Each structure stands twice: as C-alpha cells, then as structure tokens.
Amino acid sequence: MHPYKYIKTNEANTAMKAVTESEKAVFLAGGTNLVDMVRRDVTHPDLLVHIKDLPYGQITPDAGGLRLGALVSNSDTADHPQVMKDYPILSQAILSGATDQLRNMATNGGNLMQRTRCPYFMSPDFPCNKRNPGSGCSARNGMNRIHSIFGTSDHCIASFPSDMCAALAALDAQIQVRRPDGTARSIPITEFHRLPGDTPHIDNTLEHGELITFIDLPGETKAYAPKSVYLKVRDRHSYAFALVSVAVGLVLEDNRIQKVGMAMGSVAPKPWRATEAETILTGKTPSERLFKEAAAATMASAQGFGGNTFKIELGKRTIARALHMALNKA
Amino acid sequence: MIGEAKIRVDGPLKVSGGAKYTLEFPLDDSLYAVIVKSSIAKGRITDMDTASVEQMPGVVKVIHPGNALKLKPYPTGGGDALALAPGEPFIPLQDNNVYHVGQHIAIVLAETLEDAQLGASQLKVTYQQEPAALDKEHVLEEFFEPERYNTGEELQHERGDFRQAKNNAEVVVEEEYLVPAENHNPMEPAGTLAIWQGERLTVYDSTQGVDNARNCVAHCFGMKPENVRLLAYYIGGGFGCKGFFWPHTLLAPMAAKIMDRPVRLVLSRKDMYTSMGHRPEVIQKITLASDRNGNITAGEHITYSYTSILGAHYEPCGLTSAKLYAIPNFSMRHRYTQLNYPTPTPMRGPGESNGTFALESALDELAEKLGMDPVALRIRNYAAANPVDGLPYSSNKVRECYRRGAALFGWENRNKLPGKMLKDGQLIGHGMATATYPAYRAGGACRLTLNQDGILTAQTAIQDIGTGTYTVMGQIAADALGIPSSQVNVEIGDSDFPVGPLSGGSMVTASAGSYIQTGAQKLKNDLIDRAVSQQKSPFYGMQKETLSIKEGLLQSRTGVKEPIQNVVQRSGKKEIVVEDSSSVIKGFAFGQEAEYAYQSFGAVFVEVSVDADLGVITIPRIVAVYDLGKIINPKLADSQFYGGIIFGYSMALLEATEFNEKGQIVNHDLAEYHVPVNADINDLTVEVLGEPDYKFSEHGGRGIGEIGAVGVAGAIANAIYNATGKRIRQLPITLDKLM
C-alpha cells in the first residue's frame, strides 16, 4: 500500500478544491471499493478527501419524482418507503448486491463510481489497460466469465458490475453533478459511464474534481412500479456479482405495452439500456413469443470471448424471464 | 461426559475476542515481514534491487538468497525423513532457482506492515526465464507411478483380471471425470511469529501440527527440539493447508535471527493460494462393468494428476474405488507428472472427495444403464472385507446408512426417469452417493495432573483447528476419571507438551482421545491405590475393586464418599501426575500387519432444483447418515458434518482455482474464488448410527472431519442428472453447463 494523505470535510467547496489540487487525489465516501483497491495496490491516490459528512445525505421528493442524496447509504435507499413503493426495482437491485455490511457503508454516489471487478484489473500481477494503460488486456484471451459482451474494445472487455445502476438506467435517472467552478450539470445515467475505446482507464464522463450530489428519479417512471422486476442471475445465491441482470418496468394499457424501460447489468462497461427490446415491445400485445423476439433483438449485437459466450444465450433467456415476471406480477 | 452435546468450551472466548490467534500475540519491538514471491514459473533470479527498497521509509532490511541463513536441508528417505512431514522438502532463499509462481524469494522487513508490503511490492527482480512445464494434460502421455501414498497405502493395485472380466461383462460404463484445482481458504490466513532468546526459539504458528512444525524448525536450524517451542492455541481452520509444514515458518525465525529482533510474518490471502498447497486438478478415467443383475465384475480407476517440482503429494483418487465395493477384478493406477505449479497438498477428503465424485457418478451411470435403483446397486456390491487386502472391516454398516438415509429422505418417491419431477416450474432431481473415509489412529502421549483442588489438567501436543478438540478431550478425560468436565482443564497447542499427532486424516479424537482415556483410567487406578493405602484415608485397607469415582467423588460400596482431591492433599504432594501414551494403530504405518481394515461409511441423499432456462441450481435439502463409531459430542459432530457437507457442495458447484498459461493464479481472492454463503445452504439433516467401534479406539469413536465432504459432489451431480438428464462430468457444475 502506498502512503497517502487523508482529510475530512463537511464543505463541498473545500472537498472539491482539495481534490483539484492533485491529479491523484480522490473523494472517499463509503470506501467499500476504493479501500480494497488502495490496499491491493491497484490504485495509488496521494490524497483521500472524505466526503461522508457533506450535505447530500437525504432522500427528498422532487418534481414529482425522488431526489436521492449521493451520500445516502445503499441500505437506506433500498429500505426507503418511497423507493420501495414507487421504484421497487431500485430497491430490489440494491438488495441483490453485496452484503448488509457493505450496503450499510456503500453510498449511492460511490455505487456509480465503483470500478470493474475484472480479476486482471484487481491484481497488479497482470497486464491491464484499464489499470495500466498500454500494458495489454489479459481478459480477452483469459478468464472472462464475468466480462462484457457489449461495448467492448480491443483494449478492454471489463464489465461494470453495479446492480443499482442497471435499475437506475431502466428508470431514466439523472445524475446531478457540482463542478469546482461552482456551476452544476446534469447527466443522464446512460451517458454517465463510457465505453472503453482506446482509453479504457477512463470509466465515466465525470471530470476531475466534479462531485456527484444527487441522483434524480423522474416522476414518469413511477408508472413502472406495478409491473417491474429486477432479475439477477449469478454463480451463487448471494454475495456474487451478476453474470447477467435485467431491470425492467412495463406500463400496460388495454393489454398493450404502452411504455417500457429495460436495462442490463454486468454485460457491458456501463449499465446497458436494451433499446432494441424496448422498440420491439412498445405498442405490442405482450406474449412469450414477443418477449423472445425482443430478447433476441437486444442480444443480436453481443459478442463473447470464450468464457463469457454463454452470457449471450443466458441474456436472451433472462430478458424473456424478466418480462414474463414483470407482466405477471400481482 | 462422552456422548454429551456440550457447547464448545472455547466458544465464549472466540465470540468475545478472548481467544488469541497466532498473529494476535503482542510482541515487543518486533518487525513485520512480508514475503516477496516469484512472478515466473521457472528460471533463475539474476538480480534483485534490494538497495533501493532498503532506502524506503520504514524498511529495515531485505533478506534474499545472497544474505539469507543457510539452513539444514531435509533428509532424503529413511529414518529421520519419516519423522518430519514438510509440505514440500524445500527451504527458500538458499539459491536463485525458481520452480513456480509464488515461490518465496525474499523477505522485506519493516517497522510497520504497510511499509513492509510497499517494500515487497517495489522490489525489482530480474530473472533468466526458462520454459516451464505447465501442461496438466501432459500426464496423459508421460507419467510415473509412485508406489505408495503418504499413509502407506499402495497406489498401484491389480486384482483378478480386469481386462478379461470387462470383456465378458454385459454392461459397461467407461467415462472420464475432471475435478479442477482448489484452494483450502481457511478463514484465518497463516502467519508466524518468531522470538529468539539466546539459543531458545519460540514460534507462534498457525498450524495443524505443533509437534511436526517444531521438529521441522529444529531440524532446519540444527537445534535440539527441546530448544524450540511452537505454539498454536487457536487455529481459524486449515482443511489440510496447515497440516504439513510449509517454508514460511522457517522464514520468520530466520529473519528474527538475522535482525536480532522478534519478527511477525503475515501471509496475505493471495499468498495463501501459492504458499501452503492446493488440491491438484485431477483427470480420472473410470470403468465399471457388470452383469445384468448389477454384480460389478470389473472396475478400473486411473488417476492422472501432477505434483510440483519441489514436493511429492500424490492425490490418491482411486484408493476408495479399490476398496469400497466387492469388485473381484480391479485395476487401480495413479499416474503423475511434475509441473511448475506450487506444491499440492491434502485438502479435506484428499482423493476421497474428488475420487468419489468420479466413482459415484459412474455407479449412477451404471445403475441407469441397468435400469436399477442406485441404492440397490450399491447394496448388491457391498464389501464386508476390504477387497484390496482381504482384511475384514472392523465394522461396515454402510447398508444401514443407505436404508436409513433413503427412509429419511423419502427416496421411494424418486422418479428414476430424468426430467420428470417438477415443482413450481423447477426441475427436481434426487441423487445419492456413498460417503467413506478411512479411520486413522496415530500414536502420542499425554500428561495428566490432578491438583489439590481436584482440577485435572490434561496436556498433549495436539491442536484444535476449530473442530472442538479442547471440548472433546475434556469430555473424554472427565468421563474416564469420573469427574465433571468443569473440573478438567485441557492444555494443547504447545510443542513442549508430550508428543501428539497432526490434526489431519480425521484422526485426533481417536488418537489423542485414546491415550487421554487410558491415561485418565490410569490416574483413577492410581488414586484408588493411594486411597486404600493412605493411613488417614477413610478408605484405608478397603479392597480396591470396591472403590469407584463418580462426579468427582471417590466412593466405596459401603457408602463412604469424599472428593478426589483429598487423596492428593493426603499424599503430601502438590499434585499427582500420570503420563500415558499409545502407539499407532496396526495397519496405519508401513509394513505393519493388521487384523482389521478400519473405515467409516455413510450415505448422502440430495434434492436439487434446477431452473431449466437459466440453469440456476438450488439444493433444497441434503440428508446424510453415517457409520463412524461412537459420537463423543453430538453437537460438535453435527457442526463437523454440516461443514463437511458444505465443503462438498462447494466442490460440486463453486470451486476452481484458475491458473493461466504462465502458471499464475487468476482468482486468488474470495471475490472471484467462490465458496458457499448462507443463502446457498438450505435444509441439512444428519444422522449417525452411533454404534461404538472398540476394535478401533478406546472410546469406540472414529473420525469425523473429512467424511462429511465425501460423496456430496457425486450425489449432487447424480441429482442434477435426475433433474435434467444432463450428466456433468466436469466440476464445478455451473449454470452455463445446464443451459
């Protein structure tokens, strides 16, 4: 472990100023991923700015939707009555990940910022373009069971493992960001993370020093609540990242799918919005056949790398099952 | 008392943090040691930039082949070699050769753990690399066939005429099975503390064998064993990886000697994957041939695996197959090659858990071909005597295990056609397998001391690896002496005590329990002798036969009673000390003649539930019935069975150590190397027949640790076949294999 400095502040401007002063400075919130990476010699920050006391620890109604503070714990978000009632897949998604202890520490902003669990990234023993640009990708021809089947590049096939973000993508969440110059901006969840291309070391569109303050859930996607599901398929029954996960919400009118939001987790370097499926489903009468057609359309562009090729077929089946479950939800 | 479901005596200490594990002992002025490991699989170290690491803040020294102490090599063959059990007879830092990724090549010593870790990560090592032997399938073409396993059992065995019997058979199953490499992953990573005081050395070490570890340290440092004291009061699991002696336990004392300061050497989780053995990958070819009625006439089990360049562990998968069923014509071969991997070592049920996955899967395939019930097929081929040497089993109640297990499970409701049982949209499957493990009993000795307060202290150099040894030994001693177990104080985990066996091979309760039991009986006789001959004793002049000890009271048939400590008080001594010992049981050593074959048995029944689309496997329930003699403590026994069964579940569905083409382990942590979590495990039902085996041990008990892990993987694979019609012959059975 490399030595680093640590400061704690309850003032956002102070935190941002401290981070902008060094290229290697990072914000520390729950630390459930960052501390592991520091201890395992994956990342070498020179300054940790602890922001847990910043004033983003509330969940409040907002413009017909819900505003989640970036520093609310994953547990408190999952257990929040309004989240459970209006956005149940967000609650399900969070509770399907990690453990109670980790969810108690982990924050909503931190969940967005978590990094891939690609074993080659997580160990300095191996070449990895994401950890050490230019060193090569060990996963392409290596152990890639948990890796991406969408959005990969020659340089990186790592997957983004968040359950929560898959649900946020299905729910059209907006990420609110405060900038060091005092201004603010808003990023749709599907544009927050980026594809690796030839710069796989850059996970997302946040600029250095920018701070996530809130995650906004729009009022419109409350309509999914009665017919929505988060389905996670994994190698053991708890405490495992997804192989494939699907977050889906349907709005039905006169036995037609009027609106659908669907996103997949752990299949891409970002939460993967299933736009092809959404297009096929919208306006149609739900049927198992339609669900399979939608699933096939979404998976058509998937590409496997040996160890993860089964995820293409598994993805199809998981989408069809999730749609079936959402439709038949009592 | 024997048979009492007593809670473990160390439980309160463990849950309150009062039980100190190896690395928790405070040391004055100690240095932290972190090991630098080779990054290549084969070659020579040509340079190490130790100077720049030694300049780093907090770093005190780098020990490397150029400045390390020269230690005494292990003897090869014969007398001394048999007395020492290293996991590999290798001493690091003696030269510049590299034999596998993860080999210990230097030690960084610093004032803090973090400084030592940083130093170790920054040490630049230059190698002259050589092509490494890493092809695990090479053994299929080129191999050697060693004569014996480390227990003395023969690894190559032929009886009858396998070929001819196979050719004459009516039904033949011939298949290949693969079980990948696995790592033990005990909760407590190992570590070593070393403190020199003049010529005396104290070592705290997380080991399953304090006596063996002390002997190995003493040998390599050229010391008298009595000048080395090795301590392991509590051990957070081992499963075999702490069984034999591993090189890091030499490095802490070496560093402490060089620096003239105590040293605290910590292995990381990652270090654990390459420093203390693993279960090697095994390819198994099995042939079973029978007549139409299911009488198996011919069997063959060929095990293909590897050992390292440095060690000689031979994963013995076929031993069980050769003896479990009465197959007249049998061929057992064990074939290995040497590869540049870290040294393999026994892991819970070594050979039995992976070997019976193959054997019991093949039996299920045979039952399917015969259209016969799998339980009936096994009963038909019951072996009353060990077919390998013809010795009768001291007791073999496996048929009772099948019948009781089948009844408890509801086996008669099984549909033998695959894919026919459905529940809530899920495919249901029922499968079963035989569990078995040898009963081993080693020699050892104890010292029993009764003081003037009536407290008995039992000392022997065994260790409690988390199984409840402290509790069980106390129960045995209390029972044999006739005092409440609250009056017994068990002291173990210290090599200064009389010699005791390794916690391995499920043998500590039978081994140490036997000599503690006879020792306590000896003490009881001693007390009675004294009571009738002490002039001031109320029992003076009575017939010895008329006296007994119950609940701590010495009593005569005539109704005279007094606490046993009165005998000690009248003796004019502070305490009465008795020593006793026992030797290894006949048959469990090279070339000894035996009267019986000692083996434990069981039957495992599994229900699986499979999502036909997604392949997700759930195991709603497992029922297991065992025949392993008398149970000393049913509560602790159940914990062992549950742990073993979960271990087997893990082998079946989760575990695999993934080596890459360079010989590196990719999934060297508990994030990517999966072991079961609570959500995986549902209903476990365990029953024990409980009939004592006095031919084997004083108390009639055999061992428990390993057998729970045996048979489970086979039973799960068979249940998955029954559910899905898919026969998976390669573990772990992950969901993609069922899609």
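Residues numbered from 1 in each chain as written. Chains lettered and ligands numbered in written order. Predicted model: local features only at pLDDT ≥ 70, side-chain atom pairs only at ≥ 80, totals over all residues.

### Some thoughts on the overall build of chain A
Note the following rule: Secondary structure is summarised from DSSP: a helix means a run of H or I of at least four residues, a strand means a run of E of at least two, and numbering begins at the N terminus for each. Both definitions apply: the radius of gyration is a C-alpha atom measure, and the globule rule equals 2.2 Å times residues to the power 0.38. Buried means a residue has 20 or more other C-beta atoms within 10 Å of its own C-beta, exposed means 12 or fewer, and partly exposed covers the counts in between; C-beta atoms are placed from the backbone. In this description, any two residues whose backbone-derived C-beta atoms lie within 7 Å of each other are considered to be in contact.
When helices and strands are counted, chain A shows 12 helices and 12 strands. By the compact-globule yardstick of 20 Å for 330 residues, chain A fits well, its C-alpha radius of gyration being 19 Å. Seen through its C-alpha atoms, chain A measures out along the principal axes to roughly 60 × 45 × 35 Å. In chain A, which comprises 330 residues, the proportion classed as buried is 53%. Relative to all contacts within chain A whose residues are 6 or more apart in sequence, the contacts with residues 24 or more apart total 64%.

### Considering the interface of chain A and chain B
Residue-level contacts link 21 residues of chain A with 24 residues of chain B. If you tally residues by element for the side of chain A that touches chain B, the top one is helix 12 (residues 310–327) of chain A, at 6 residues.

### Remarks on the nonpolar core
Inclusion rule: To define a nonpolar core, we join buried Ala, Val, Leu, Ile, Met, Phe, Trp, Tyr and Cys residues through C-beta atoms within 7 Å and take the resulting set.
Ala33(B), Val108(B), Ala477(B), Val604(B), Ala624(B) and Ile716(B) are the most contacted members of the largest nonpolar core, which has 224 residues in total. Sequence-distant contacts of Val108(B), that is, excluding residues within four places in its chain, are made with Val34(B), Val36(B), Val53(B), Val59(B), Val62(B), Ala116(B), Gly119(B), Ala120(B) and Leu123(B).

### Some details on the confidence of the model for chain B
Stated formally: Residue-level confidence of the predictor is what pLDDT reports, using numbers from 0 through 100.
Looking at chain B, the pLDDT average stands at 96 and 98% of residues meet or exceed 70. For this predicted complex, the interface score ipTM comes out at 0.97, while the overall pTM is 0.98.

### Considering the environment of Ala326(A)
Residues and elements named next belong to chain A. Examined against the element boundaries, Ala 326 turns out to sit in helix 12. Look at Ala 326 and you get buried, because 26 C-beta atoms sit within 10 Å. Every residue in contact with Ala 326, bar those within four places of it in the chain, is listed here: Lys 227, Ser 228, Val 229, Val 248, Gly 249 and Leu 250.

### A word on the domain arrangement of chain A
We count it as follows: As used throughout, domain bounds are those supplied by an automatic or database domain assignment.
Segmentation of chain A into domains returns domain 1 (5–50) and domain 2 (224–327). Of note, the centres of domain 1 of chain A and domain 2 of chain A, computed from C-alpha atoms alone, are 36 Å apart.

### Topic: the pairing of strand 15 (residues 329–339) of chain B
In summary, the side chains of a regular strand alternate between the two faces of the sheet. Residue and element names in this part refer to chain B. This is how it is decided: Being paired, for any two strands, means DSSP has found at least two bridges between them.
In terms of residue burial, strand 15 counts as a mostly covered element, since 8 of its 11 residues are buried. Pairing geometry for strand 7 (residues 157–159) and strand 15, over 3 bridges, is antiparallel. In the sheet register, His 157 faces strand 15, and the bridge partner there is Met 332. Where strand 14 (residues 296–308) meets strand 15, 11 bridges bridge the pair, whose relative direction is parallel. By the bridge assignment, Ser 308 is partnered in strand 15 with Leu 339.

### Some remarks on the domain arrangement of chain B
It is common to give the size of an interface as the accessible area lost on bringing the parts into contact. All names here are of chain B. For the record, the criterion: Polar here means any residue outside two lists: the nonpolar Ala, Val, Leu, Ile, Met, Phe, Trp, Tyr, Cys and Pro, and the charged Asp, Glu, Lys and Arg; Gly therefore counts as polar.
Here the domain parsing of chain B yields domain 1 (21–130 + 187–275), domain 2 (157–182 + 279–440 + 593–738) and domain 3 (444–582). For domain 1 versus domain 3, the separation of C-alpha centres amounts to 39 Å. Counting from both sides, the interface comprises 18 residues of domain 1 and, opposite them, 14 residues of domain 3. Of all the secondary structure elements, the ones that give two or more residues to the side of domain 1 that touches domain 3 are helix 6 (210–220) and strand 11 (228–231). For the side of domain 1 that touches domain 3, the leading source of residues is helix 6, giving 4 residues. In terms of residue class, the side of domain 1 that touches domain 3 is built from 7 nonpolar, 8 polar and 3 charged.

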